[in-house]
Amino acid sequence: TQLLEQSPQFLSIQEGENLTVYCNSSSVFSSLQWYRQEPGEGPVLLVTVVTGGEVKKLKRLTFQFGDARKDSSLHITAAQPGDTGLYLCTKTSYDKVIFGPGTSLSVIP
Amino acid sequence: GAGVSQSPRYKVAKRGQDVALRCDPISGHVSLFWYQQALGQGPEFLTYFQNEAQLDKSGLPSDRFFAERPEGSVSTLKIQRTQQEDSAVYLCASSLTGSHTIYFGEGSWLTVV
């Protein structure tokens, strides 16, 4: 059973462009985390959102949690090559953390 | 230690060989997780420990996979009679009980030839 969906699966953009990636679930999240994973490394936590409608900003990254707590988006402004990586959203189900399939982002200089 | 440490970082095994992957979690972290990640995919849950107790092993793909954490700190993931489909990155993560923030190691890259 695919508990989490992420879109798009792949995204290739030019440096300086803006982008948005999405995470959706058929069930409510108690909390949602976004991770970024660079090649050859483990995932690194970017943000945790808990409250429906919550918006968090981390420099050029803006995270939004849907009002119904079933979806989230990550918007990157003026993407840079250093943003390249696999963006993963997660939810917790019965004490285990479940990952979505990820969005693979490539920012071309 | 300062972070989650995994060893070996890279392992090439011949098909049929047994392998053991080690994870040193962050000191004091009660929860420990193992994930399997195929190239370009999100991590897939394998198993979860709270201290030495293995509370969930529903993600282990077959009875060739075995994990233990006998003293509630270091954990070992063992794969018996490796097969080519076992080739993947095996990620270990740890967290404090009650916290949903988990911290990952760099992974052990297993290639079965």
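Rules behind the numbers
- Residues numbered from 1 in each chain as written.
- Chains lettered and ligands numbered in written order.
- Predicted model: local features only at pLDDT ≥ 70, side-chain atom pairs only at ≥ 80, totals over all residues.
- Heavy atoms only, no water.
- Pairing = 2+ DSSP bridges.
- Helix = DSSP H or I, 4+ residues; strand = E, 2+ residues; numbered from the N terminus.
- Axes fitted to C-alpha atoms, helices over the stretch in contact; angles between N-to-C directions.
- Contact = heavy atoms within 4.5 Å.
- Buried area = accessible area lost by both parts, 1.4 Å probe.
- Salt bridge = Lys/Arg side-chain N within 4 Å of Asp/Glu carboxyl O.
- Polar contact = N/O pair within 3.5 Å; in protein donor to acceptor, adjacent residues only side chain to side chain.
- Buried < 20%, exposed > 50% of the residue type's maximum accessible area, 1.4 Å probe, protein only.
- Phe/Tyr/Trp six-rings, centres within 6.5 Å; stacked < 30°, edge-to-face > 60°.

Novice: Help me out: how do you make sense of the sheet that holds strand β7 (residues 61–65) of chain A in this one?
Specialist: Through backbone hydrogen bonds, the strands of a sheet pair up, either in parallel or in antiparallel fashion. Residue and element names in this part refer to chain A. Pairing within the open sheet is antiparallel, and its five strands lie in the order β1-β3-β8-β7-β6. The open sheet has two free edges, formed respectively by β1 (4–7) and β6 (55–58), since each of these has just one partner strand. Taken over all neighbouring pairs, the strand axes of this sheet differ in orientation by 15 degrees on average, direction set aside.

Novice: Please explain the interface of chain B and chain A as it appears in this structure.
Specialist: By convention, interface size is frequently given as the accessible area that disappears when the constituent parts associate. Contacts between the two partners involve 20 residues from chain B and, on the opposite side, 20 residues from chain A. Surface buried jointly by chain B and chain A totals about 1,600 Å² across both partners, of which 54% is contributed by carbon and sulfur atoms. Counting every contact that joins chain B to chain A gives zero salt bridges. Counting across the chain B and chain A interface gives five residue pairs in polar contact (both at pLDDT 80 or more).

Novice: Would you mind showing me how to read the environment of B:Arg9 here?
Specialist: For B:Arg9, the location among the structural elements is in the loop between β1 (5–7) and β2 (10–13). With relative accessibility at 24%, the residue B:Arg9 sits in the partly exposed group. Sequence-wise, B:Arg9 and B:Tyr90 are 81 residues apart; in three dimensions their C-alpha atoms are separated by 9.6 Å. For B:Arg9, the contacting residues outside a window of four places in its chain are A:Gly40, B:Glu106, B:Gly107, B:Ser108 and B:Trp109. Looking at B:Arg9, its side chain comes within polar contact range of the main-chain oxygen of B:Glu106, at 3.0 Å.

Novice: Would you explain the packing of aromatic side chains in this entry?
Specialist: Where two aromatic rings form a pair, the distance of their centres and the angle of their planes describe that pair. In this structure the tally under the stated criterion is 11 aromatic pairs over all chains. For the ring pair A:Tyr35 and B:Phe104, a centre distance of 5.8 Å and an interplane angle of 90 degrees mean the geometry is edge-to-face. Here B:Phe104 lies in strand β10 (residues 103–104) and A:Tyr35 lies in strand β4 (residues 32–37), a pairing that spans two chains. Each member of the pair, A:Tyr35 as well as B:Phe104, is classed as buried. Judged by centre distance (5.8 Å) and plane angle (50 degrees), the ring pair of B:Tyr35 and B:Phe104 falls under tilted.

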